[in-house]
Structure formats: structure tokens, C-alpha cells
Amino acid sequence: MVKPSSNIIIFVKTIANHLYKLWDSPTLGETEEVEGFKFLDNGDLFKGNWVKDKRIGWGLCLFQNGAIYQGEWVNDMPEGSGIIFTHNGDIFEGEFFKT
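Below: a short report on this structure. (Residues numbered from 1 in each chain as written. Predicted model: local features only at pLDDT ≥ 70, side-chain atom pairs only at ≥ 80, totals over all residues. Heavy atoms only, no water.)

### Some words on the pattern of salt bridges
Overall, the coordinates contain two salt bridges when judged by the stated rule. Lys-47 is paired through a salt bridge with Glu-35; the nearest N and O atoms lie 3.4 Å apart. Taken together, the residues Lys-47 in strand E2 (residues 45–51) and Glu-35 in strand E1 (residues 34–39) connect sequence positions 12 residues apart. Lys-47 sits in the partly exposed class, given a relative accessible area of 33%. Accessibility expressed as a relative area gives 54% for Glu-35, which makes it exposed. For the salt bridge of Arg-55 with Asp-76, the shortest nitrogen-to-oxygen distance reads 2.8 Å. (Salt bridge = Lys/Arg side-chain N within 4 Å of Asp/Glu carboxyl O. Helix = DSSP H or I, 4+ residues; strand = E, 2+ residues; numbered from the N terminus. Buried < 20%, exposed > 50% of the residue type's maximum accessible area, 1.4 Å probe, protein only.)

Here it is as C-alpha cells:
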């Protein structure tokens, strides 16, 4: 697999920021499951589903440190099938579990 370049990550973050601003709502996702792009308080970018500010279901997260995780989320944590591309180019694919 090819490691995503920083230019691709910057492009995705820029596009996601514009899309997020188009339909940002302070109450969206408070009671029902929603899908879309969301910048987290720590600067990470998440695309997927969330309820009450917790990531759930299938999603993709671009972490501030350059790592990328795509897979299942449970209660705001990677859990289940997924793949992570670390910031140094390592790739891990498999089942992720809460410890």
C-alpha cells in the first residue's frame, strides 16, 4: 500500500472543513446518529457516524500526528475491524480491542 502524502491529508482537511462549515449545527448528533465530517477539539478530522459527540460504526480518522485509522468505532474508540497507517509508514490491519 502507498502511504498518503501530507499534501493529500492537507487537501482532505481543507475540503472537510468547508463541508463541515456548510452544515454545522450545535444540536446535530445530540440524540440521533449522524454521518459527516467533524473536526475534533484536538485537531483530528473524523468522517463517519457519531452520536452525542462519540464516534460509532464505520469511520475514518486523520489524526493530528499524521496517522490514519479506517474501521469500526465503539464509544469513541477504535474497536473491531480496521486498518491504521502510522505517521512513520507502518501499517496494521486486523481487529482492534479496548484494553
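### Re the sheet that holds strand E5 (residues 77–85)
Taken in spatial order, the six strands make up an open sheet running E1-E2-E3-E4-E5-E6, and their pairing is antiparallel. Unpaired on one side and paired on the other, E1 and strand E6 (91–96) mark the two borders of the sheet. The mean angle between the axes of side-by-side strands here comes to 15°, regardless of whether they run parallel or antiparallel. In this structure, E2 lies alongside strand E3 (residues 54–62), joined through seven bridges in antiparallel fashion. If you follow Lys-47 over to E3, its bridge partner there is Leu-60. (Pairing = 2+ DSSP bridges. Axes fitted to C-alpha atoms, helices over the stretch in contact; angles between N-to-C directions.)

### Considerations on unusual backbone geometry
If you check the backbone angles, Asn-75 has positive phi at about 50° while not being a glycine. One non-glycine residue, Asp-76, lies in positive phi territory at about 75°. Here Asp-76 is to be found in the loop between strand E4 (68–74) and E5. The exposure class assigned to Asp-76 is partly exposed, which follows from its relative accessible area of 23%.

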